[in-house]
Amino acid sequence: EYFADLQSRVSGPALAVLDELSRQHPGLIRVEFRNFPLAFHPLSPLAHEAAMVAARHGKFWEFARYMLDHPDTLREQDLVALAGKLGLSEAAFAADLQTHKYAPRVEADVNSGLGRGIRGSPAILVNGKRIDGVPSLQALSELVNEVLIVQK
């Protein structure tokens, strides 16, 4: 599980490490994103809601990766415009944001993370073992390899 704040400048590098590990172990690793907007990032909660709207339309990773690469473009109008670029209806997307349709989902992920001792972003959990911050590829590989060996 990958707990991340989409406005955080270190969440993108952590995802890059996860991506590389996935390339090294094709078909064996599944990254599950969990919303963890931090209180000191005021645009982050809405960005996470927007990512959940995009997920409903099968565009989560495209949406999230863009936000991680462009953390300064998280205002509501930016999020709606990005949805349009990805082929989603801007009007329907904006309506979901204005009603905060996915706020409960974001809040549930935050509460889940807090309940597991997560206090910052990013945090990566592999079968209950946690790495806080941006892991090195080697450290994450070692943790994943432990799990893969146990599962064999």
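Anyway, here's the lowdown on the structure attached to this text. (Residues numbered from 1 in each chain as written. Predicted model: local features only at pLDDT ≥ 70, side-chain atom pairs only at ≥ 80, totals over all residues. Heavy atoms only, no water.)

1. Side note on unusual backbone geometry
For the record, the criterion: By definition, any uninterrupted DSSP run of H or I lasting at least four residues is a helix, any uninterrupted run of E lasting at least two residues is a strand, and each is numbered from the N terminus.
The omega torsion across Ser 121 and Pro 122 is 0 degrees, close enough to zero to call that bond cis. Within the fold, Pro 122 resides in the loop between helix H6 (103-115) and strand E3 (123-126). If you check the backbone angles, His 100 has positive phi at about 55 degrees while not being a glycine. Secondary-structure assignment places His 100 in the loop between helix H5 (90-98) and H6.

2. Structural notes on the sheet that holds strand E2 (residues 33-35)
The test is simple: When DSSP locates at least two bridges between a pair of strands, those strands are taken to pair. Lines fitted to C-alpha atoms define the axes here, with helix axes fitted over just the stretch in contact, and angles between the N-to-C directions of these axes take values from 0 to 180 degrees.
The four strands are arranged E2-E1-E3-E4 in an open sheet whose pairing can be described as mixed. If you trace the sheet from one side to the other, it starts and ends with E2 and strand E4 (129-132), each paired once. Taken pair by pair, the neighbouring strands of this sheet meet at an average axis angle of 20 degrees, ignoring direction.

3. Describing the packing of helix H2 (residues 44-56) against H5
In plain terms, the rule: Each angle is binned into one of four classes, with values under 35 degrees roughly parallel, values over 145 roughly antiparallel, values of 65 to 115 roughly perpendicular, and all other values oblique. In a left-handed crossing the near helix is turned counterclockwise from the far helix by less than a right angle, and in a right-handed crossing that turn is clockwise. We call two residues contacting when some pair of their heavy atoms lies within 4.5 Å. Nonpolar residues are Ala, Val, Leu, Ile, Met, Phe, Trp, Tyr, Cys and Pro. Charged residues are Asp, Glu, Lys and Arg, and all others, Gly as well, are polar.
Orientation of H2 relative to H5, taken along the N-to-C sense of each, is 135 degrees, at an axis distance of 10 Å. As summarised for this structure, H2 and H5 are arranged oblique, according to the angle between their axes. Relative to H5, H2 is oriented so that their crossing is right-handed. Contacts between H2 and H5 involve Leu 46, Glu 49, Ala 50, Val 53, Ala 54 and Arg 56 from the first element and Phe 93, Asp 96 and Leu 97 from the second. A breakdown of the residues in the contact of H2 with H5 according to their chemical character gives six nonpolar, no polar and three charged.

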